[in-house]
Amino acid sequence: MTQSDRVYAPSVALRPRTHFILQFGFLSAFVLMLLATLSSAAFAQNAPSTAAAGSERNTHNIPVPATVATRRSTPIAMDGKLDDAAWTSAPPITQFTQFNPDEGQPPTQRTEVRILYDDDALYIGATMYDTEGPKGIATRLVRRDNDFDSDYFQIVIDGYHDHLSRAFFTVNPSGSKQDQIGIGASCCDSGWDPVWQVESRINADGWVAEIRIPFSQLRFASDSVQTWGLQLRRWIHRRQEEDDWSFWKRDEAGGPPRFGHLEGLAIAHTGRHLELLPYVASAARAVEADQGDPFNHGVKPSVRVGADVKYLLTSNLTLDATINPDFGQVEVDPAVVNLSAFETSFDEKRPFFVEGSGVFGFGGFNCFFCSNVSSLSAFYSRRIGRAPTGAPLAYAAGKYVKLPDASTILGAAKVSGRTSNGFTIGLLDAVTNRETADLRLADGSATTQVVEPLSNFFVGRVKKDFMRGNLVIGGIATSVARQMDTVFASRLTSHAEFYGGDLRYTWGNHAYSFVANSGLSTVEGDSTVILAKQRSSARYFQRPDRGTGSSGFLSNQLDPSATQMIGAAGYARIAKESGSWLWETAVNIRTPGFENNDLGFLTRSDYVWYNANILKQWQKPTRWYRTFSVTLGGQQKSNFEGDLIDRQAQALVSTTTPQFWNINSFYIWHPALLDDQLLNGGPAVERPGNGFYSVNVNTDSRKRLVLFTNGGYSWNTDGGHGLSLNTTANYRPTSNVLVSFGPSWNSSKSRLQYLTSLRDATAGNFYGSRYILSGLDQKQIAFDTRLNVTFSPGMTLELYAQPFFASGHYYQFKEFIAPRQGAYNTYGIDAGVVTTQPGVDGAISRYTIDPDGAGSAAPFSFANPDFSQQSLRGNAVFRWEYHPGSVLYFAWTHSRFREDGQGSLDFTHERDAIYSAHPDNIFLVKASWWIPR
């Protein structure tokens, strides 16, 4: 029996501006109360003493190694030589154990590490001896945080010693750096870019790394004498050998609970550290357009200034703020063709939002193997500063339009950190400007059009760990509030909120885990907006074959008068995650009314999903493999009416060969089942059974030329099929140059591509509508090309280009015979008559279909939907860290796009089309200055 919920209308109506101000005030008060509460909790008199808390943190179920940090008494010259007298006073760490390839055995090469500290910084001196001398050392000069593909030395610090937190500092023999951070259970954030110093040097005995990490860049408790969790790791590239100071087996759960101890740190209070990063940027946009266009022709220069601020509020909490941020140097998104009803998700690349993003993560989702499912995404940061949603209004009104590329972020701030009694905190607030477009009308007059309202975005995230990090409980609240007007009242929600909670519990030395999260969403706005939400591809409340349902919280009934929609979501997984045998089972739920796309990312709701897998892994190398694993499992999905809409059987085989090739192959089978989304809001019909097979091969990463190849083939019982081939070749002619070429090919033939729907009273089986589908032959080819040159660890040049071509040919138009069945009639073959109308070039320009020939149904027509797309995107970025933390950028972005009705890939046509497309060029110079205080 289907449950349903009532869509509630608000009892009090507020004017848009009043509601926005109240919402903003509520959020500000919430932030202040949360900060006050957590700060009080962190330092309350009834909190456990630091000694007691430290004693609990230092407890380990399994013994771990320990070392004592030595206070520096004489100067250190950061030159990569370790010949200063200070280093001789520190006891060396020499006991390492192989994690890979010969698990549990002594290392093949000796490593010696010494640790010093003073009032300002931690110093690490590491000597990586090598019996083969310099010729045995593999090194690469790469941009910060890029893959090394070389030897490296890594330090991992758990400053809070909570068995959860991690700060990674990694260096290779060329002095290239990587750094990541995980605060509490959130890991790992590669956007974190602390200012730290390293000097490395290759010598006759191996190589040396001399590292200085300022305490101002670390987060740790405020105890007078501290013990930190510590892991030291060395990677020897030619043997793919990993040597660890604190050792655990490959089939055991590791990480911070198994880190060793760095003891004896007596650190003075670091004070209220302040970092300023002002910038100035100059940009010029050169475009080719209609000569009569007053906005988009010629070169348009601009200048902007802004600043980022980082301030240590307490020893545990950091404020990051940005004023008028600029993201011009960020790499362009790849081109895609999306013929589905769902939005495409892109990775966040803007530094302000990337750094610290792990703290705000919610809805964690994990599986050994699963597909067609997603996590409970509460915060998709690309909603902030997005392209104006009112662009179609401007283009409909004006002959020429000057449109902002993105909504201006007037300011954004976040507070993040971790208190001494285990609270991990993340607070973020951002305000985007009211945007307008300049219009030139057909009569030559000028006007403006509002294309985005003033908006406020808020995220609050809190987690607390218990039981030495074995239990983590958290919560999140997000909100979007908009200053509405008559333009957007019928287009956007006036406000949207999401409230969620999550937990993670591990036991059996972290061999077993239980993870769960849940959330409640609410959106409010004009009835036109809420009706659009109900009719969207996420839920299709308008489906005419839905049951009558009942009023209540879980309603899936269309209500045109509703001004609010509420929904819930949840996820739970229990698993065994270490050992030779692993298993998992999970459930994932979205009620029909769940909607969090204002600040999260959601493709569909209205489902209950189950998954189960069992995995066997062999970790001991043999003559046939280094590692080998097999996964078997299945999953299924139902909607809230009880219809089974997906069932899947799956098998995965994965191995690393003795030659260090990584190979995996998987197979998925779906039987014929109901599909409640195929007709885009029409009744459920039966889709054919289908299967998919994929093979992935990565060659030995130690070589100069490394290949990554993926091939997939899909088919269904109705004659549809698809083929995908993707290859990337990475070649390093020298240690500081990377050339990457990644051609990809995708082709598919579908029998049931949704095209359109129309009202027709004679279509009785489908409730007075016809749902037209088509066969579709689709082809797509792209060439991702990169050239990275690293002149020094702080100076790089990166070039990227992506020629992209796609085509689609529609044919054999059809409709299903009846709901909940798989049979269909093809027009002109099984029923009806199809006539075509040629265009001036002789190709078909329009189709006219009489669905029942001499019957009573009226004919209908539509333009030929065939398409061809040509795109060229690329950018060049020169980055120079001319002083620690201070960066100079030179960037050039080039793009051109063209679309026509060719319907097939013809390389001569595609080449000529892309060269004739109008180019858009953006040039940027940006300089920032890091000012520590």
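These numbers were taken from a predicted model, which means no experiment stands behind them.

*Asks:* In this structure, what is going on with the state of the cysteines? I would like to understand it.
*Replies:* Here a disulfide denotes one covalent bond, and it connects the sulfur atoms of two cysteines. Inspection of the entire model under this criterion finds one disulfide. Paired through a disulfide, Cys367 and Cys370 show a sulfur-sulfur distance of 2.0 Å. Because the sign of the S-S torsion sets the handedness, a value of about -75° for the bond joining Cys367 and Cys370 places this disulfide among the left-handed ones. Its relative accessible area of 22% is what places Cys367 among the partly exposed residues.

*Asks:* Explain the sheet that holds strand 21 (residues 446-452) to me, please; I cannot follow it from the model alone.
*Replies:* Picture the strands of a sheet paired through backbone hydrogen bonds; they go either parallel or antiparallel. Taken together, the three strands give an open sheet; going across it, the order is 17-20-21, and neighbouring strands pair in antiparallel fashion. The open sheet terminates on both sides in strands that have one partner only, identified here as strand 17 (400-402) and strand 21. Sheet twist, expressed as the mean angle between neighbouring strand axes with direction ignored, is 30°. In the sheet, strand 17 pairs with strand 20 (residues 435-440) via three bridges, with the strands oriented antiparallel. Looking across to strand 20, one finds that Lys402 is bridged to Asp438.

*Asks:* Just to check I follow, could you spell out the pairing of strand 38 (residues 769-792) for this structure?
*Replies:* Within a regular strand, the side chains alternate between the two sheet faces. By the bridge criterion, 20 bridges tie strand 37 (residues 737-759) to strand 38 in an arrangement that is antiparallel. Following the sheet pairing, Ser740 is matched in strand 38 by Arg786. Here strand 38 folds back onto strand 39 (residues 795-816), and the loop between the two strands holds two residues.

*Asks:* What exactly am I supposed to notice about the environment of Arg647 here?
*Replies:* When you line up the elements, Arg647 lands in strand 30 (residues 644-656). By relative accessible area, Arg647 is classed as partly exposed at 39%. For the pair Arg647 and Tyr610, spaced 37 residues apart in sequence, the C-alpha to C-alpha distance is 9.4 Å. When residues no more than four places from it in sequence are discounted, the contact partners of Arg647 are Gln635, Gln636, Trp669, His670, Pro671 and Leu673.

*Asks:* Is there a simple way to think about the environment of Pro688 in this case?
*Replies:* Positionally, Pro688 belongs in the loop between strand 33 (685-687) and strand 34 (690-698). The spatial distance from the C-alpha of Pro688 to the C-alpha of His670 is 8.6 Å, given a sequence separation of 18 residues. Setting aside residues no more than four positions away along its own chain, Pro688 makes contact with Ala672, Asn716, Thr717, Asp718 and Leu752.

*Asks:* Looking at this structure, how should I read the packing of aromatic side chains?
*Replies:* Centre distance and the angle of the planes are the two values used to describe a pair of aromatic rings. Applying the stated criterion to the full structure yields 33 aromatic pairs. Ring geometry for Trp618 versus Phe628: centroids 5.7 Å apart, planes at 50°, classification tilted. You can see Trp618 sitting in strand 28 (residues 607-618) and its partner Phe628 sitting in strand 29 (residues 627-638), a full 10 residues away along the chain. Here Arg418 stacks its cationic end above the ring of Tyr160, 5.6 Å away from the centre of that ring. One cation-aromatic arrangement involves Lys926 over Tyr279; the distance from NZ or CZ to the ring centre is 4.8 Å.

*Asks:* Please clarify how the sheet that holds strand 42 (residues 844-850) should be interpreted in this entry.
*Replies:* Read across the open sheet, the three strands follow the order 41-42-43; overall the sheet is antiparallel. Looking along the sheet, the strands with just one partner apiece sit at the ends: strand 41 (833-838) and strand 43 (860-863). For this sheet the average axis-to-axis angle between neighbouring strands, irrespective of direction, equals 20°. Two elements, strand 41 and strand 42, share six bridges in a ladder whose sense is antiparallel. Paired with Pro838 across the two strands is Ile844, which belongs to strand 42.

Rules used throughout
Residues numbered from 1 in each chain as written. Predicted model: local features only at pLDDT ≥ 70, side-chain atom pairs only at ≥ 80, totals over all residues. Heavy atoms only, no water. Disulfide = S-S within 2.5 Å. Buried < 20%, exposed > 50% of the residue type's maximum accessible area, 1.4 Å probe, protein only. Pairing = 2+ DSSP bridges. Helix = DSSP H or I, 4+ residues; strand = E, 2+ residues; numbered from the N terminus. Axes fitted to C-alpha atoms, helices over the stretch in contact; angles between N-to-C directions. Contact = heavy atoms within 4.5 Å. Phe/Tyr/Trp six-rings, centres within 6.5 Å; stacked < 30°, edge-to-face > 60°. Lys NZ or Arg CZ within 6 Å of the ring centre and 35° of its normal.

Geometric values such as these leave the question of function open.
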